[in-house]
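What the coordinates show
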Amino acid sequence: MNGPATDTPASTAADVSPEALLASIDAARGEGLAAVAAAATSDELTQVESTLFGRKAALGQIKQGLGSLPPDQRAAVGRALNEAQQDLRAAHAEAADELAASARREQLQREWLDLTETPPGPERGHLHLVTQTTERLEDVFVGMGFTVSEGPQAETDWYNFEALNLPAAHPARSMWDTLYLDLGERTELGDGEGGEASNVVLRTHTSPVQIRVMEVQPPPIYTICPGRVFRRDTADASHMPVFHQIEGLVVDRGISFADLAGTLEEFTSAYFGKAISSRLRPSYFPFTEPSAEFDITCVICEGAGCQTCQRTGWIELGGCGMVHPNVLANCGIDFEEWTGFAFGFGIDRLALMRHGIDDLRDMYTNDIRFLSQF
Amino acid sequence: MKVLLSWLREFAPIEGDPAELADHLSDLGMAVEEMRMLPPLDGVVVARVAGLRPHPEADRIQLVDVELPGATGEGTGGALQVCCGAFNMTEGDLVPFATVGTTMPGGLVIGERRMRGQLSQGMCCSAAELELGADAEGIMILPSEFELGAPLMSQLGLAGDVLYDLEVNPNRPDAMSVAGVARDLAARLGVPFRIPAPVVSETGEDVSTVASVEIIDADLCGRFGVRVIRDVSIGQSPLWMQARLTLCGMRPINSVVDVSNYVMLELGTPNHTYDLALVPGGHLGTRRSAGGERLVTLDGSEREMLRGDGLIVDRDDRPIGISGVMGGENTEIGDSTTAVLLELAWWDRLSISRTSQRLGLRSEASMRFERGTDHELVPIALDRFCELLDRVTPGGVSVCRGRLDGRGDLPPTTRVRVRPARMSHLLGRPFSSDELRGLLDPIGLQCTESDDAAPRGAEPDDGALEVTIPSFRPDVVTETDVAEEVARHYGYQRLGRTVPRSPEPGRLTPAQRLRRDLRRVLVGAGLSEAMPNPFLAPDAVRRAGIDGADPVRLLNPLATEESVLRPSLLPGLIAAAAYNSSHRNDSVSLFEIGVVFGPPSAGDADTAAADTSAAAVLPTETEHLGAIWAGGEAADAVHLTELIATAFGLRLSLTNANDLDGMHPVRAAQVLLDGQAVGVVGEVDPVVCERHGLSQRCAWLQVNVEPLLAAASAAAERPYRLVSTYPSSDIDLAFAVPNGVQASQVRSTLLASGGDELRSVDLFDIYRGDQMDPGTRSLAYRLRLQADDRTLTDEQVADIRQRCIDAVEHAHSAVLR
């Protein structure tokens, strides 16, 4: 090194040789790069910038002296000068970027957060298990071509019983413990056997909805009726006075018992999975004939036999059968032309089974510790 | 209904694996709820009491020397010594003896042990300990003909027996008897079935000389059979009979009662025995009561008859029994009875059902009569009773010659025309007439070719059968009923499986879909779904501050706490919030979408009286959404209202309203949908909160869901509004507005006066304080202006601004600040 570039005598072109100029360019370049490298902050770098590229900068002064060189020597020195200048600019730009990036890094570092310190934010709520189960069931049946029908929860004796082939004093009425409404003089409880068609009950099943559908909709009918039902039952682990059922109804030409069995099997595998199948056993309901009990493979042991299914491999899900001709006739449907089937089962129990809940009452405490689990 | 395999075998040669038989029974519709293989109890053998000695250390037990071939022990003369707490044995009695190592039915393992210093080398057993009878007091004394040392169960004829507990459907009266179950099972197995003819040796005078029957109401009693049996001595029935009765769920009482029950279980024919000496002239009459008559029944209670109830009366028309339900105390069989008047009747099903339900007296007999008994079995069952009583009475009994057979109205024999095509249609598989016969004949449904060629329905009549329904199947009355019998005996599981397809695609209605969406909006807003009980205590309605409603009452509630139907969702949800608060979850947010009930909509009186249509008598049902925020403020509920409006494109607005039911007196508003009131929003009356033990405020929203979903359904089709590509301008306007003017009114005025270019109005600041005139507050709105087709000029913006200011100042006595 020949000392600081600023001290390089360059004012007099006469005593300047091209070699000396090249040497001082080289020196200025070296010193400039060192200065850039030495700048630790962007302020320092700004200062360096003015010494490198300002009017009094070493390379600038050399450039001013360029004119005194013989023309044939100018090109080589000029080229060296440009190269040195470009090197310094590149080094400066790089250093500037580097310093900016590191300043940004430092700034962001100061923004450090422990994300686990975050206090709880807004929570999402939860749908009731009965709603979740009902919707899941509806989706399966809608996929199978069914519509969803609804009807009133308070019903006349006609819709809840008589139209369903359960005339007054029918012994099978005792299969349902019925809650009657007190609507003034029109209602009398009778001798526990019901009777007046205009008596008003809280529906004991969603079958009245089937009647209402058949009254207004000519067949073919493919519909399900989910909803709330009522029984005069004391609440215990497996009974509630208010619970939920889903029933299905198909009325069409040529509908047979095999169609019932096939539909229930399709539903079973769609809802419970391929490992679970269904079977029908003879049973009795006043509104169907032939009637059947609808069992599915035990969902706990998948048929191997366990405590839940009392080692039978099957659990009882609900009732079903071919719609009784009297029921069709009560709705003005010619049962020689149209036949149909119906089925029904509890929704609450499906929710219990899916989640391993032992006590039905837990589902209705409205305890947030229960609700928020699902 | 419990049946023993050995008993079934008395009617048909039923063989096979007991578990397979159980499957057949279930498959036939008699679901086996429990199958019990009777324990072989090989360790319990017949032993003889060789001697009885007092226990030197104890009064309540004695020492028994038990003689058992091949066994020696500590007792006198090398007999086994047993400590026993019963004292009913005498020397020489045969008793059931549980040898050391035996596991008893209850699980107890018999071991050799000392009682008060004396060795006990086994156990003498009571009937109860062996689960063969009810008697737990004394040791079973076995008949002297039993073989010493032989296993007890084989001596009782119970070895290897199987007990099935069957669930019998109400439409199967025939299955309420051992014979009926055997008939069904035999048909399934293809083996012959037969009810053996009872053998009765008649010795006494003719029955008509000592007894008479009169059916006064023929519609009540179709058949009334009577026999008289003399030389009866009331005693214990034999062990085999006691064992069968006990296993089938009946308590052995005495020989006459046991035989009566045995015949009922076996043939499904309930019967009643009178002490002939207590029935004047042996006369039995039956009629309906005119009401008001009283009778003390066998259970000791005095019963008052209502008009129409069936009665048995004596010669003097005095009630001595309730038809088919329970006998009277005044003619009851007792230890001194020597002559028995036996009644075996067929009663009208509905009459029995009505009376037994009314009296709350459901007996084994009434259960069978209700379902329908077999009137053709009356003579057979009478004879079977005599045969059995003769067999179980030491020395036998004398049976008077002949039977009385009173006749009333019996149902005519049912004949059903059965078309193979219809059967095939209903069951989804072709059935020929021969196949149908093969299935129906064995269960007593006799088929003949129908000679009636006239077609009766849509199905072809080819090969139609005329099926005669037997008297034991009163439930089978139509062709469809026969289809069930065909299906049952063919096997439900063997019928095919096909899936019919709806001609229409499945779908939810728009309202059903939107209701689901609504639930999800609520869940997204942090509310969880509750399902409170729709039944309330009358008091709960008042406690929730709802004074105006007249809730619908239940006629027969289980409890007063559940005696009215909710007129609002507030009582249930505030109780749910209180429940959570009392379990240290203070700030729950809950919602419910559910029905609230009101009295039937009145209409005008004239038509209401004449109109018995369902709509006129049914209570009104309205589906509401209720939402509660424990610890929340009115703003929470207002925000949710706005969220719902945004989610479904609804024009919901609020009008402040004071003194709403259950609401904070001045922090409440009505929710309007397109100007119509559809609900309320705000805070729950703090008094109501306090009554429920809630110390915090509660925000509340309740809206009628139906109009909401209808409007949402319409709004779902709303057209797209082009998003403008031109720049927008914002202007802020703050007004001093009198407190009596709702902010929403100011906003509406702004929206109405700003014209098409006013795209949004947001309330961004509210100020109340010293700088405001009393009775006013400052409301600051940010207005965004934008045109679809141009950039608004400064002049146009200024113009709109001035229009808005003028409109608000003019409409609301407000002043721009």
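Every residue gets a number counted from 1 within its own chain, in the order that chain's sequence is written. Working convention: letters from A go to chains and numbers from 1 go to ligands, in the order in which they are written. Note on the predicted model: pLDDT of at least 70 is required for a residue's local features to be given, and 80 or more for side-chain atom pairs to be given and counted; whole-chain, interface and lining totals, by contrast, use all residues. For side-chain calculations, the full set of non-hydrogen atoms in the structure is used, while hydrogens and water are omitted.

**Let's talk about the sheet that holds strand β35 (residues 676-684) of chain B**
All names here are of chain B. What counts here: Paired strands, in this sense, are two strands between which DSSP finds at least two bridges. The way it works is that DSSP assigns letters per residue, a run of H or I at least four long becomes a helix, a run of E at least two long becomes a strand, and they are numbered from the N terminus. Any two residues whose heavy atoms approach within 4.5 Å at even a single point are treated as in contact. Here an axis means a line fitted to C-alpha atoms, over the contact stretch when the element is a helix, while the angle between two N-to-C directions is reported on a 0 to 180 degree scale.
The strand order across the open sheet built from 7 strands is β27-β31-β32-β36-β35-β34-β33, with neighbouring strands paired in mixed fashion. Either end of the sheet is taken by a strand with one partner, and the two such strands are β27 (528-529) and β33 (652-656). Here β33 pairs with strand β34 (residues 663-673) via 5 bridges, running antiparallel. Bridged to T655 within β34 is Q670. Of the strands in this sheet, β32 (620-630), β33, β34, β35 and β36 (698-704) touch helix α18 (residues 634-648), which is tilted by about 30° from β36.

**What to know about the state of the cysteines**
Residue and element names in this part refer to chain B. Let me state the cut-off plainly: Two cysteine sulfur atoms form a disulfide, by the criterion used here, when they sit within 2.5 Å. Exposure is judged per residue with a 1.4 Å probe applied to protein chains only, and the accessible area is read against the type maximum: over 50% gives exposed, under 20% gives buried, and values in between give partly exposed.
Enumeration over the complete set of coordinates arrives at 0 disulfides over all chains. Left unpaired, C83 is separated from the closest cysteine sulfur, that of C84, by 8.9 Å. Relative accessible area serves as the criterion here: at 9%, C83 is assigned to the buried category.

**Some details on the confidence of the model for chain A**
Residue and element names in this part refer to chain A. Note the following rule: The pLDDT value tells you how sure the predictor is about a given residue, anywhere from 0 up to 100.
Put simply, chain A has an average pLDDT of 88, and 91% of its residues get 70 or more. Counted against residues more than four places away or in other chains, residues 1-14, with its pLDDT under 50, gives 8 contacts. Contacts of residues 186-194 to residues separated by more than four positions or lying in other chains number 23 contacts, the stretch itself having pLDDT below 50.

**A few points about the layout of surface pockets**
Residues and elements named next belong to chain B. Basically, it comes down to this: Residues are called lining when one of their atoms sits within 4 Å of a cavity or pocket point, these points coming from a 1 Å grid over the protein atoms alone, where a cavity is a set in which a 1.4 Å probe fits but cannot get out and a pocket is an open set with protein on both sides within 12 Å along at least five of seven lines. Grid points are joined across faces, edges and corners, and a volume is the space filled by probe spheres set on the points. Each residue gets one of three labels, nonpolar for Ala, Val, Leu, Ile, Met, Phe, Trp, Tyr, Cys and Pro, charged for Asp, Glu, Lys and Arg, and polar for the others, Gly among them. Annotation comment: domain bounds sourced from an automatic or database domain assignment.
Computed from the structure, the second largest pocket encloses a volume of approximately 1400 Å³. Along the wall of the second largest pocket there are 40 residues; nearest its centre are V638, E642, L654, A743 and S744. Those elements that place two or more of their residues in the lining of the second largest pocket are α18, β33, β34, β35, α21 (743-753), β38 (758-767) and β39 (776-785). Counting residues per element, the lining of the second largest pocket draws most heavily on α18, which supplies 8 residues. Split into classes, the residues belonging to the lining of the second largest pocket amount to 19 nonpolar, 12 polar and 9 charged. Each of domain 5 (510-715) and domain 6 (729-816) contributes no fewer than three residues to the lining of the second largest pocket.

**Brief notes about the domain arrangement of chain B**
How big an interface is tends to be reported as the loss of accessible area on association of its parts. Entries for chain B in the domain assignment read domain 1 (2-38 + 161-189), domain 2 (44-155), domain 3 (202-407), domain 4 (415-452 + 460-492), domain 5 (510-715) and domain 6 (729-816). Distance from the C-alpha centre of domain 4 of chain B to the C-alpha centre of domain 5 of chain B: 56 Å.

**A few points about unusual backbone geometry**
That bond from P219 of chain A to P220 of chain A is cis: its omega, 0°, falls within 30 degrees of zero. Take P220 of chain A: it is sitting in the loop between α7 (207-216) and β5 (221-230). Omega for the bond connecting E289 of chain A with P290 of chain A falls within 30 degrees of zero, at -10°, which places this linkage in the cis form. Following the sequence through the fold, P290 of chain A ends up in strand β8 (residues 288-297). Phi is positive for R584 of chain B, close to 65°, though the residue is something other than glycine. Relative to the helices and strands, R584 of chain B is located in the loop between α15 (570-582) and β31 (589-598).

**Considerations on helix α2 (residues 42-53) of chain A**
Residues and elements named next belong to chain A. This is how it is decided: Expected helix span is given by 1.5 Å per residue-to-residue step, counting one fewer step than there are residues. This arc describes the spread of directions from the helix axis toward the C-beta atoms.
End to end, α2 covers 16 Å across 12 residues, agreeing with the expected 16 Å (1.5 Å per residue, within 8%). Along α2, the positions that sit buried rather than exposed are L45, V48, L52 and F53. Buried residues of α2, viewed axially, fall in a sector of 105°; they line one side. Projecting away from the buried face of α2 at angles above 90 degrees are the exposed residues D43, Q47 and T51. Buried positions along α2 lie against α1 (18-38) and α4 (71-109).

**Re the domain arrangement of chain A**
Domain assignment breaks chain A into domain 1 (5-112) and domain 2 (129-371). Taken over C-alpha atoms, the centre of domain 1 of chain A sits 92 Å from the centre of domain 2 of chain A.

**Digging into the interface of chain A and chain B**
The following threshold applies: By buried area we mean the combined loss of accessible area, with a 1.4 Å probe, across both parts when two parts are placed together. Salt bridge, as used here: a side-chain nitrogen of Lys or Arg that lies within 4 Å of a carboxyl oxygen of Asp or Glu. The definition of a polar contact used here is a pair of N or O atoms within 3.5 Å, where within protein one atom must be able to donate a hydrogen and the other to accept one, and adjacent residues in sequence count solely through side-chain atom pairs.
In this complex, chain A contributes 91 residues to the contact, which on the side of chain B involves 90 residues. Counting each side, the surface lost to burial between chain A and chain B is near 7600 Å², with a carbon and sulfur contribution of 56%. At the junction of chain A with chain B, the criterion picks out 9 salt bridges. With its nearest N and O atoms 3.0 Å apart, the salt bridge here joins R497 of chain B to E265 of chain A. Put simply, chain A and chain B have 37 residue pairs in polar contact (both at pLDDT 80 or more) between them. Grouping the amino acids of the side of chain A that touches chain B by side-chain chemistry returns 40 nonpolar, 26 polar and 25 charged. Sheet topology places strand β3 (residues 181-182) of chain A next to strand β29 (residues 553-554) of chain B; 2 bridges connect them, and they run antiparallel. The partner of L181 of chain A across the bridge, within β29 of chain B, is L554 of chain B.

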